[in-house]
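Structural features, examined
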Amino acid sequence: MVLSYRKVLLGIAACGLLVGLSLGRAVPALAFGPVATPATCGPGDRTESGLQGQTTFVERFAPGERHAFNCNLELVGQYVGQGTGPGFAITDKCAYMTQWQVPPPLVSGLEDPGTVVIDASDPAHPRPVAHIKTPGLMQPAESLILDLPRKLLIGQNLNKSTEYGPTLEIYDVSDCLHPALKFSGIIPGYIFHGGDFSPDGTILWGTTGPILRSQYPDMGDTISALDITDPSHPKVLARWRTTDPRLVRFHGAAVSDDGNTLYFTIGYHTYAQVGGKVLASPGQGIGVLDVSEVQARKPNPRITMIGQPLFWSDIVHNQFIHPFAVKGHWYLWENRLDGVISNPAQIHVGDSGLSLGQAFKRPEASAEAACRRGKPAWGYVSIIDIRNPKHLRRVSAIKLQVQDARYCLATAYDPVFSHGYSPIDCTVDDSQDARKMVCAVGEAGVRVFDIRDIQHPKEIAYYKPPAVGSAPRAASPYQTFRYPSGTTDVAKAFHSADAVSDVAFARGGREIWFTSFDNGFQVIRFSDAFLKKEPALFSGMQTCYGGLRPLHGCPDKESAAGH
């Protein structure tokens, strides 16, 4: 009898679990939250054959043409261009796609650099209409952010080593095909890597982020409020810093619906250098700030901590965060990367942060180390109950099999790139009444979940764009992580899959717009069969702004039922 690849992997995972138990380690206890129920795919779908979320060796290296893997989602249209890096924003008919710029000698330069403006009014034929080449949007990466009600697109060049950084720019995208520059300049004391708008769109809250901590040491770990009431004349309203050595390496920030509370992610790895000493931090976590005086525009506003931060230690790098409601109960979703880089031997403790050579060129070594300690090899999404902001608690998870500690050994040696099978970004279809969550899960692709029962999430669909082989696109981050010799040895392995980096629901939640490093901008939609089978996931949804819904909901006068 020939065993299926899935059965072999499950057997390997079971053996790893038994070994862990024999050594006295309570492996399942570290695997917080349930694995989502796998999706039931349509008869014509090309489904993955390994663990839920995995791209197996057979799928990666089998001879022949590369194809996408799909389940209840179908490709509508695509613009590849030169590839894309992290950073993405959309309106009702436009998409803004960043491009990764790798310095020579790996890449001599892009043919057409900058942030690409894409006309997606015809989703079957998205087309580029412009490249924004001003300094702030030359490579804004994850700082690219758009406030849909006010139609303001903001980005900041984060690379101090270039001639552009740290220029911040604000564009008016009322005519989304023709962004109008309102401000371009360096604002003393304001640098942001991740952020969120206040509900009225007049304040941009930003965190310095883990990368900027080393590039701009005078900023340290800072959360700042930028007044953009007049987008042509932004000004800093307030800053918050702390001397608590546990609170390091902020990344994501999210504002409550009344604008008075700010949530932020803490931590990058479990060992940090503070004051020349190596300190073991409690792990990763979430902090809460009272920012009501800033929201009220009080003079000399105070920003204070609410309660104690929530910490955990089964994962490494907190990424983004945002509040959402399910059946009237408010939560935070929080996604985490790199469960693998949690061994001090894999970390270069110093101003440069992680050792890229070990963290990216040999991901299997870090993953194996995580497996030995009963931790997951890859990050996953946590669900946080925020009913009492003084006492946050994790209540559930949005997790694939590849992200569960029980299956760690089954994926530890997959030739993945960068963050592997970890969620890079997520969003929900309606933050006021969420039914579906979609996540960009690196090489696990686009993954969609039914979260109406938040304690028992169900995966309902996925789409994994095809690999391009050993020739990465010029604007793809895959260009960055070749061996110093410039050979493509690493690329040949890493390009056995593509990584999805950003994702958003569009057109009433029936479409999903996303980017992946080597396949660029893509539009997918739920199959007709799935829409017919699951009408309650789509019918009666409240949308605005041409079938979208901003993170803080629709103004009452613009709300209209989705069709």
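Described in the following lines is the structure provided in the data block. All values derive from a computational prediction rather than experimental measurement.

**Thoughts on the overall build of the protein chain**
Of regular secondary structure, the protein chain possesses ten helices and 34 strands. The proportion of buried residues among the 563 residues of the protein chain is 61%. Partitioning the contacts of the protein chain with sequence separation of at least 6, the portion at a separation of at least 24 is 62%. Of the roughly 21,000 Å² that the protein chain leaves accessible, carbon and sulfur atoms contribute 54%.

**Examining the packing of aromatic side chains**
Scanning the model with the defined rule gives 13 aromatic pairs in all. Their ring planes at 40 degrees and their centres at 6.2 Å tell us that Phe57 and Phe61 sit as a pair that is tilted. Of this pair, Phe57 and Phe61 both sit in helix α3 (residues 57-61), separated by four residues, roughly a single helical turn. A residue is classified by how much of its surface remains accessible, and Phe57, at 35% relative accessible area, is partly exposed. On the basis of relative accessible area, Phe61 is assigned to the partly exposed category, the value being 41%. For the ring pair Phe526 and Phe538, a centre distance of 5.1 Å and an interplane angle of 70 degrees mean the geometry is edge-to-face. Placement of the pair is Phe526 in strand β32 (residues 520-526) and Phe538 in the loop between α10 (528-533) and β33 (542-543), with a sequence separation of twelve residues. Members of the aromatic cluster, each reached through a chain of ring pairs, are Phe88, Trp513 and Phe521. Above the plane of the ring of Phe69 lies Lys464, whose end atom (NZ or CZ) is 5.6 Å from the centre.

**Notes on the nonpolar core**
By size, the foremost hydrophobic cluster in this structure holds 33 residues, and its most contacted members are Phe324, Trp333, Val381, Ile383, Met437 and Ile451. Elements supplying a minimum of two residues to this core: β22 (317-326), β23 (329-337), α7 (363-372), β24 (381-385), β25 (393-398), α8 (408-411), β26 (425-428) and β27 (436-440). With three residues, β22 is the single largest residue contributor to this core. Once residues within four sequence positions are removed from consideration, Phe324 is found in contact with His329, Trp330, Tyr331, Leu332, Trp333, Ile383, Val428, Ser431, Ala434, Met437, Ile451 and Ile454.

**A word on empty space enclosed by the protein**
As enumerated under the stated definition, the model contains one cavity of 30 Å³ or more in all. Here the largest cavity defines a volume of roughly 40 Å³. As for the largest cavity, its lining consists of Val381, Ile398, Lys399, Leu400, Gln403, Pro423, Cys439, Val441 and Phe449.

**Thoughts on the pattern of salt bridges**
Following the criterion strictly, the structure yields 16 salt bridges and no others. For Asp227, the salt bridge goes to Arg297, with nearest N and O atoms at 3.7 Å. Highlighted residues: Asp227 in strand β13 (residues 223-227) and Arg297 in the loop between α5 (292-295) and β20 (304-305), separated in sequence by 70 residues. Overall, Asp227 belongs to the buried group, its relative accessible area being 8%. For Arg297, a relative accessible area of 32% translates into the label partly exposed. A salt bridge links Arg507 to Glu511; the shortest N-O distance between them is 2.8 Å. For Arg507, a relative accessible area of 26% corresponds to the partly exposed category.

**Quick look at the environment of His391**
Residue placement: His391 occurs in the loop between β24 and β25. Counting along the chain gives 103 residues from His391 to Val288, while the straight-line C-alpha distance between them is 9.9 Å.

**So, the side chain of Asp498**
The topology assignment puts Asp498 in the loop between α9 (489-494) and β30 (500-506). Of the side chains with opposite charge, Arg473 comes closest to the buried, unpaired Asp498, at an N-O distance of 7.4 Å. From its side chain, Asp498 meets the backbone nitrogen of Asp518 in a polar contact 3.1 Å long. Of note is the side chain of Asp498, whose polar atom sits 2.7 Å from the side chain of Asn519. Beyond its immediate sequence surroundings of up to four residues, Asp498 is in contact with Gly442, Glu443, Pro465, Pro466, Ala467, Tyr478, Ser516, Phe517, Asp518 and Asn519.

**Some points on the sheet that holds strand β2 (residues 73-79)**
The sheet built from four strands is open, its strands ordered β2-β32-β31-β30 with antiparallel pairing. Edge positions in the open sheet fall to β2 and β30, since each of these has one partner strand only. With direction set aside, neighbouring strand axes in the sheet form an average angle of 25 degrees. The sheet contact formed by β30 and strand β31 (residues 511-516) spans six bridges and is antiparallel. Pairing of Ala506 across the sheet is with Glu511, part of β31.

**Let's talk about the sheet that holds strand β9 (residues 168-172)**
Taken in spatial order, the four strands of this open sheet run β7-β8-β9-β10, and their pairing is antiparallel. Each edge of the open sheet is held by one strand with a lone partner, namely β7 (145-147) and β10 (180-185). When strand polarity is set aside, the average angle formed by the axes of neighbouring strands in this sheet is 15 degrees. As paired elements, β9 and β10 share five bridges and run antiparallel to each other. Paired with Asp172 across the two strands is Ala180, which belongs to β10.

**Observations regarding unusual backbone geometry**
Unusually for a residue other than glycine, Asn300 sits at a positive phi of about 45 degrees. Tracing the chain through its elements places Asn300 in the loop between α5 and β20. Located in the positive-phi region is Tyr545, a residue other than glycine, with phi close to 55 degrees. With respect to the helices and strands, Tyr545 occurs in the loop between β33 and β34 (560-561).

Rules used in this analysis
- Throughout, residues of each chain are indexed from 1 in the direction in which the sequence is written.
- Local features in this predicted model are restricted to residues whose pLDDT is 70 or higher, and side-chain atom pairs enter the listing and the counts only when it is 80 or higher, whereas totals over whole chains, interfaces and linings include all residues.
- Just so you know, side-chain values use all the structure's heavy atoms and leave hydrogens and water out.
- Note on conventions: DSSP H or I runs of at least 4 residues are helices, E runs of at least 2 residues are strands, and numbering of each starts at the N terminus.
- A simple rule labels every residue: compare its accessible area, found with a 1.4 Å probe on the protein chains alone, to the largest value its type can have, and call it buried under 20%, exposed over 50%, or partly exposed in between.
- Throughout, a contact is declared for two residues whenever any of their heavy atoms are within 4.5 Å.
- Residue exposure ignores everything except the shown protein chains as possible cover, and the areas themselves are Shrake-Rupley values with a 1.4 Å probe.
- Aromatic pairs are defined between Phe, Tyr and Trp rings, using the six-membered ring for Trp, whenever the two ring centres lie within 6.5 Å; interplanar angles under 30 degrees are classed as stacked, those over 60 as edge-to-face, and all others as tilted.
- Geometrically, a lysine NZ or arginine CZ counts as sitting over a ring once it is within 6 Å of the ring centre and also within 35 degrees of the ring normal.
- What we call a nonpolar core is a set of buried Ala, Val, Leu, Ile, Met, Phe, Trp, Tyr and Cys residues that are connected through their side-chain atoms within 4.5 Å.
- Cavities and pockets were defined on a 1 Å grid built over protein atoms only: a cavity is a set of grid points that admits a 1.4 Å probe from which the probe cannot escape, a pocket is an open set flanked by protein on both sides within 12 Å along at least five of seven lines, and lining residues are those with an atom within 4 Å of any such point.
- Grid points are joined across faces, edges and corners, and a volume is the space filled by probe spheres set on the points.
- One speaks of a salt bridge when a side-chain nitrogen belonging to Lys or Arg is within 4 Å of a carboxyl oxygen belonging to Asp or Glu.
- Note on charges: Lys and Arg go in the positive column, Asp and Glu in the negative column, and His and the chain ends are not counted at all.
- Definition of a polar contact: a pair of N or O atoms within 3.5 Å, with one able to donate and the other able to accept a hydrogen when the atoms are protein atoms, and with sequence-neighbouring residues admitted only if both atoms are side-chain atoms.
- What makes two strands pair is DSSP finding at least two bridges between them.
- The axes used here are C-alpha line fits, helices contributing only the stretch in contact, and every angle between their N-to-C directions lies in the interval 0 to 180 degrees.

In short, the description is geometric, and any link to function would need to be established separately.
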